[in-house]
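# Per-entry structural report
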Amino acid sequence: MALLLLLGTTLSSCADEDFFQEDAHIKKAAPADSVWVTAGRHYTSGWLHRLFWGDHYRQVWAEPVKVPVFNMQQLNGGLYLTEKGGGFQTTSFELEDSLGRRYALRSLDKDPVHVLYDFWKPTFVTNVLRDQTSASNPYGALVVPILAEAVGVYHTNPTLYYVAKTDTSLGEYSKLAQGKVFILEEKYKSTADRKPTMANVLDFNSSDDALNLRYNTNTHHFNQKAFARARLLDVFLGDWDRHKGQWDWAIVKQGTETYFEPIPKDRDQVFLKMDDGVVPFIATSRFMARKLQTFNNEFSDVKALMINARFIDERLLNELTAADWKQIAKQMQTALSDEVIERAVLQLPPPVYKLVGKEITDKLKSRRDLLPDAAEEMYKLLAEEVTIAGSDMQEEFKINRLDDKRVEVTVTRPASPQAPAYQIYHRNFYTSETELLILHGLAADDTFVVEGTVKKSIPVKIYGGLGEDAITDNSDVAGRRKMTEVYDTERGTILNLGTEARNRTTRDVRVHAYDREGN
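Right, let's walk through the structure included here. (Residues numbered from 1 in each chain as written. Predicted model: local features only at pLDDT ≥ 70, side-chain atom pairs only at ≥ 80, totals over all residues. Heavy atoms only, no water.)

### Considerations on the sheet that holds strand S25 (residues 501–503)
Test applied: DSSP-based pairing: two strands are paired if at least 2 bridges between them are found. Secondary structure elements are defined from DSSP: runs of H or I of at least 4 residues count as helices, runs of E of at least 2 residues count as strands, and each element is numbered from the N terminus. Think of each axis as a best-fit line through the C-alpha atoms, taken over the contacting stretch in the case of a helix, with angles from 0 to 180 degrees between the N-to-C directions.
Taking strand neighbours across the sheet as the criterion, the five strands line up as S13-S17-S20-S23-S25 in an open arrangement whose pairing is parallel. The open sheet is flanked by strand S13 (385–389) and S25, the only strands paired with a single partner. Here the strands of the sheet are splayed against their neighbours by 15° on average, with no regard to which way each runs. Pairing analysis gives four bridges linking strand S17 (residues 436–440) to strand S20 (residues 460–463), with the strands arranged parallel. Residue pairing across strands places Leu439 opposite Ile462, the latter belonging to S20.

Structure (structure tokens):
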């Protein structure tokens, strides 16, 4: 810590007066509709600073690139400001065109000071965080669309623009944007935002709205294979920051069932480079900021890349088998041909491509070849402890201890006037992979049945939830330990427990708690 404080003091005292200025620097004039700019000249530093804090992408940030000048009146038939975004690190705006299509305009450079506690803001820590923005490739998002298209993942199409220092089109917020480089990309909020490839999409939801619908009803489901494909693409790109706010959801109808298909957004963290300085190398160890993994030829720490998405991964990837993951990885390998990867990386601005194009291309090809290994690791991590939740409607949970190696879980929706009977969940779990199964009935009158006589099995925790639940355990597992635990309120719960279940019912209604939102 003493070393960090000393280096932080050095960083603060050695910085130029404008070291952390936010304006993009115009290098030279070009035709009236474009300019040459450097997005982050302030990240340039001397050899001693780079020794301790890393080269990162400082040269890329300082490299002049040709960027169109933002003209809100001419873009897409004319845009107008609907609201200022609420991002903590970027300056962002929401725009709309005459057809009702929405767009996000986000600054390329970041100011992470707003994520700090007030205590740290006046200290060297602010400068350290700002400086480490140089670890991200400012133009990495431009590479993603071609790769996403190839593997069948919805995507945005980011475009670079420079907002002139005289531009006042953003009204009262104009000064926040003047002299900066921005990314403009689509938002998916209404039917007006549909692309031609989205003919079967009815509408769009945010993650919060999609999760609420999923848990309120048992006719709404997440397309888990589509989400696995999107998450494996994240890991392929080294995109570690994939929390639930980084997703929109396309709504697709199949008969009586409604499915949510993922649309990743905000690709600010692809191709991170953090291991080329003494302090970042130490700080990103498994005992500190583990999630900030450098984009290398290999998947050195898949778990680290999954940390920020843990909440959503555990809920939306709980049904897939090892075979599912293997098949998805193989399909993606085939789709990500050398030609596709090379064409994708060529979307970088030409001066930037000359600096890092070959390096990124080679790393993507290497990671492509290792995708099955990454998928297998993701599966194993997610299989260790699995939670299966029903909804606020009636469901029947059946847990069958098939043999010493397998436990089968099936969740069925009984027929109702609104929808026919439907199997909403099914998977076999293996004692060699899974240490605990947790079932949540949520609301309504649910039924749980546990069966099977075996020598060894997986522990199961049952949370009946609100409603008058009926829980039966006829299973038998050799040994003294009881392998089923039942949690519910004493009142309104019908129990038929044999020798294998432990009664954990209580008068405390908090036993029904289940984190649906992850806030």
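What follows continues from the structure just given.
### Quick word on the layout of surface pockets
Cut-off, in case you're wondering: Any residue with an atom within 4 Å of a point lines the site, the site being either a cavity, points on a 1 Å grid over the protein atoms alone where a 1.4 Å probe fits but cannot get out, or a pocket, an open set with protein on both sides within 12 Å along at least 5 of 7 lines. Grid points are joined across faces, edges and corners, and a volume is the space filled by probe spheres set on the points. Each residue gets one of three labels, nonpolar for Ala, Val, Leu, Ile, Met, Phe, Trp, Tyr, Cys and Pro, charged for Asp, Glu, Lys and Arg, and polar for the others, Gly among them.
The calculated volume of the second largest pocket comes to roughly 560 Å³. Taken together, 19 residues line the second largest pocket, and the ones lying closest to its centre are Arg310, Glu314, Leu381, Leu382 and Glu385. Of all the secondary structure elements, the ones that give two or more residues to the lining of the second largest pocket are helix H10 (302–306), helix H11 (310–316), helix H15 (371–383), S13 and S17. In terms of residue count, the dominant contributor to the lining of the second largest pocket is H11 (four residues). A breakdown of the residues in the lining of the second largest pocket according to their chemical character gives eight nonpolar, two polar and nine charged.

### Details of the pattern of salt bridges
For clarity, the cut-off: Any carboxyl oxygen of Asp or Glu that lies within 4 Å of a side-chain nitrogen of Lys or Arg is treated as forming a salt bridge with it.
Within this structure, the stated rule accounts for 34 salt bridges. Residues Asp234 and Arg231 are paired through a salt bridge, measuring 2.9 Å at the closest nitrogen-oxygen approach. Here Arg231 and Asp234 lie together in helix H8 (residues 224–237), a separation of three residues that amounts to about one turn. Here the salt bridges share partners, and the residues they tie into one network are Arg231, Asp234, Asp239, Arg242, Arg267 and Asp313.

### Section: the sheet that holds strand S18 (residues 447–451)
Ordered by their spatial adjacency, six strands build an open sheet running S16-S15-S14-S18-S21-S24, and the pairing between neighbours is mixed. Each edge of the open sheet carries a strand with a single partner, namely strand S16 (422–430) and strand S24 (494–497). If you compare each strand with its neighbour and ignore which way they point, the axes differ by 5° on average. Pairing analysis gives eight bridges linking strand S15 (residues 406–413) to S16, with the strands arranged antiparallel.

### Side note on the nonpolar core
Let me state the cut-off plainly: By convention a nonpolar core is built from buried Ala, Val, Leu, Ile, Met, Phe, Trp, Tyr and Cys residues, the set being connected through side-chain atoms within 4.5 Å. Only protein chains enter the accessibility calculation, which uses a 1.4 Å probe; a residue whose area is less than 20% of its type maximum is buried, one above 50% is exposed, and one in between is partly exposed. Here a residue-residue contact requires only that any non-hydrogen atoms of the pair lie within 4.5 Å.
One finds Tyr139, Leu147 and Leu364 to be the most contacted residues of the largest nonpolar core, which totals 83 residues. Contact partners of Leu364, with chain neighbours within four places excluded, come to Leu147, Phe236, Leu237, Phe271, Phe295, Ile341 and Val345. Counting residues in each nonpolar core, the second largest holds 19 residues, with Val386, Ile399, Ile424 and Val460 among its members.

### Topic: the packing of H8 against helix H14 (residues 350–369)
For the record, the criterion: Roughly parallel means an angle under 35 degrees; roughly antiparallel means over 145; roughly perpendicular covers 65 to 115; every other angle is labelled oblique. Crossing handedness is read from the near helix: turned anticlockwise from the far helix by less than a right angle, it gives a left-handed crossing, and turned clockwise, a right-handed one.
One can describe the packing of H8 onto H14 by two numbers: an axis separation of 9 Å at closest approach and a directional angle of 135°. With respect to each other, H8 and H14 are oriented oblique. Of the two elements, H8 crosses H14, and the hand of that crossing is right-handed. Counting all contacts with H8, which are made through Val235, Phe236 and Leu237, the residues of H14 involved are Leu364, Arg367 and Arg368. Of the residues belonging to the contact of H8 with H14, the class tally is four nonpolar, no polar and two charged.

### Quick look at the environment of Glu186
Just so we agree on the cut-off: Two N or O atoms count as a polar contact when they lie within 3.5 Å, although within protein this holds only if one can serve as hydrogen donor and the other as acceptor, and sequence-adjacent residues are included solely when both atoms are side-chain atoms.
The topology assignment puts Glu186 in strand S8 (residues 180–186). Look at Glu186 and you get buried, because its relative accessible area is 12%. C-alpha of Glu186 to C-alpha of Thr156: the two residues are 30 residues apart in sequence and 5.7 Å apart in space. With near-sequence residues (within four places) excluded, Glu186 lies in contact with Arg102, Tyr103, Thr156, Asn157 and Lys195. A distance of 2.7 Å separates a polar atom in the side chain of Glu186 from the backbone nitrogen of Asn157. Within the structure, the side chain of Glu186 is placed 3.1 Å from the side chain of Lys195, a separation counted as a polar contact.

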